[in-house]
Amino acid sequence: PVEKDVLTIGALAQKGEEKNDVVVSDREKTISRFHCEVHRKGKSCYVVDCQSANGTRLDGRSIPPGRLIPLKRGAHIQLGASCTLKFGFERRKK
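Residues numbered from 1 in each chain as written. Predicted model: local features only at pLDDT ≥ 70, side-chain atom pairs only at ≥ 80, totals over all residues. Heavy atoms only, no water.

Another aspect to go through is the sheet that holds strand β10 (residues 76-79). To summarise the sheet geometry, strands pair through backbone hydrogen bonds and adopt either a parallel or an antiparallel arrangement. With respect to topology, four strands assemble into an open sheet ordered β8-β7-β10-β11, the strand pairing being antiparallel. In this open sheet, the two edge strands, each paired with only one partner strand, are β8 (61-62) and β11 (83-86). Where strand β7 (residues 56-58) lies against β10, three bridges are found, and the strand directions are antiparallel. Residue Arg57 lies in a different strand from β10, and its bridge partner there is Gln78. (Pairing = 2+ DSSP bridges. Helix = DSSP H or I, 4+ residues; strand = E, 2+ residues; numbered from the N terminus.)

On to the pattern of salt bridges, then. This model, assessed by the stated rule, comprises two salt bridges. Asp5 is the salt-bridge partner of Arg40, the closest N and O atoms lying 3.5 Å from each other. Of the two residues, Arg40 sits in strand β5 (residues 36-41) while Asp5 sits in the segment before β1 (6-10), which places them 35 residues apart along the sequence. The exposure class of Arg40 is partly exposed, given its relative accessible area of 24%. (Salt bridge = Lys/Arg side-chain N within 4 Å of Asp/Glu carboxyl O. Buried < 20%, exposed > 50% of the residue type's maximum accessible area, 1.4 Å probe, protein only.)

A few words now on the environment of Leu79. Along the chain, Leu79 turns up in strand β10. For Leu79 and Cys36, which are 43 residues apart along the polypeptide, the C-alpha to C-alpha distance reads 8.2 Å. Residue contacts for Leu79: discarding those within four places in its chain leaves Ile9, Val24, Thr30, Ile31, His35, Cys36, Gly55, Thr56 and Leu85. (Contact = heavy atoms within 4.5 Å.)

What follows concerns the sheet that holds strand β4 (residues 22-23). Across the sheet, five strands lie side by side as β4-β1-β5-β6-β9; this open sheet has mixed pairing. A strand with exactly one partner marks an edge of an open sheet, and here the two such strands are β4 and β9 (69-70). In terms of strand pairing, β1 meets β5 through four bridges, oriented antiparallel. Bridge pairing in β5 links Ile9 to Cys36.

Next up, the structure:
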């Protein structure tokens, strides 16, 4: 769940003060240590590539580093060449 404003994703749990919220196992070494982020702004979410070495793709298209790209329900976020994450929304129980 995206429970904070910025969710960090990468292949390394922690380096110094920097930590990833989601750590992805990467045997092929194509996912950067701090690969991308998911930003929550109001009811919308966005993905940002953190200048990863092998890039981030959204639904098959490369995204430019450093730009907020809107996420839709069911979007596929591909990290490097070895991992694809499916993004979804859930309604919170009242």
